[in-house]
Amino acid sequence: MNAADQARNLELAQAIASVAALFRRQFPDARANLTPWRDDPHTRAWAERESLDLSFHFPGWNPRNQCRSMLVQLRLERPPEGAARPRLIGVLIRGLTYESERWRLATMGDWQPSGSHLPQPAVAGKLQQLCRDLFELFRDAGNAAAA
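Residues numbered from 1 in each chain as written. Predicted model: local features only at pLDDT ≥ 70, side-chain atom pairs only at ≥ 80, totals over all residues. Heavy atoms only, no water.

1. Some remarks on helix 2 (residues 10–26)
Phase 1 of the analysis: Along its 17 residues, helix 2 runs 25 Å from first to last C-alpha, staying within 8% of the 24 Å computed at 1.5 Å per residue.
Phase 2 of the analysis: Residues of helix 2 that are buried include every one of L12, A15, I16, V19, A20, L22, F23 and Q26, and no others. For helix 2, the arc enclosing every buried residue in end-on projection is 160°, short of the 170-degree limit, so these residues lie on one face. Opposite the packed face of helix 2, turned more than 90 degrees from it, sit the exposed residues L10 and R25. (Helix = DSSP H or I, 4+ residues; strand = E, 2+ residues; numbered from the N terminus. Expected span 1.5 Å × (residues − 1). Buried < 20%, exposed > 50% of the residue type's maximum accessible area, 1.4 Å probe, protein only. Arc of directions from axis to C-beta.)

2. A word on the pairing of strand 5 (residues 101–106)
Phase 1 of the analysis: With five bridges joining them, strand 4 (residues 87–96) and strand 5 adopt antiparallel strand pairing. Bridge assignment links I93 to a residue of strand 5, and that residue is L105.
Phase 2 of the analysis: Where strand 4 hands over to strand 5, the hairpin turn is made up of four residues, counted between the paired strands.
Phase 3 of the analysis: Strand direction decides the pairing type here: strand 5 and strand 6 (residues 114–115), joined by two bridges, are antiparallel. Among the inter-strand pairings, R104 is bridged to a residue of strand 6, identified as S114. (Pairing = 2+ DSSP bridges.)

3. Let's talk about the nonpolar core
Phase 1 of the analysis: In this structure, F23, M70, L74, I93 and F138 are the most contacted members of the largest nonpolar core, which totals 30 residues.
Phase 2 of the analysis: Mapped by element, the contributors of at least two residues to this core are helix 2, strand 2 (51–62), strand 3 (67–77), strand 4, strand 5 and helix 4 (121–146).
Phase 3 of the analysis: Aside from chain neighbours lying at most four places away, what touches F23 is A30, F56, F58, M70, V72 and L130. (Core = buried A, V, L, I, M, F, W, Y, C linked by side-chain atoms within 4.5 Å. Contact = heavy atoms within 4.5 Å.)

4. Focus: the pattern of salt bridges
Phase 1 of the analysis: Evaluation of the coordinates by the stated rule reveals four salt bridges.
Phase 2 of the analysis: E101 serves as the salt-bridge partner of R104, at 2.9 Å between the closest nitrogen and oxygen.
Phase 3 of the analysis: Judged by relative accessible area, which is 32%, R104 ranks as partly exposed.
Phase 4 of the analysis: Of the charged contacts in the structure, one is a salt bridge between R139 and E136, with a shortest N-O distance of 2.6 Å. Residue R139 and its partner E136 are located together in helix 4, separated by three residues, close to a single helical turn.
Phase 5 of the analysis: Owing to a relative accessible area of 47%, R139 belongs among the partly exposed residues under this scheme.
Phase 6 of the analysis: In this structure E136 comes out as partly exposed when scored by relative accessible area, which is 35%.
Phase 7 of the analysis: Taken together, the shared-partner salt bridges in this structure form one network comprising R94, E101 and R104. (Salt bridge = Lys/Arg side-chain N within 4 Å of Asp/Glu carboxyl O.)

The structure is reproduced here in structure tokens:
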């Protein structure tokens, strides 16, 4: 589901802004898009309330990344009682061009990119660090809510 549509409270809106800031820390040239999905009946039929989706677009083809855009999908678990922010249970990042998906990195298994055109190892390291930072961001929110 589009990140912009998920910002239903201040805590989640701050989390979405923090996700964008964490991504931009690793990829400063990227431009955030909080609504990567179209708003039409077919797309809404596939919307998942447990997903927070945003994309990042680069100013042009990036050979290190082997893509022009990255779609970041965060899989969430409903927040525990009294918490405003859900718990992050997984991250999927896809490297995309106009033609197709070039690679994907998921936080299941070995956290390594797979696909037809892989990003350079330094970029894979940035993506892995981003995923660690995202888990930390959502973990800290859960600890703050419990305090």
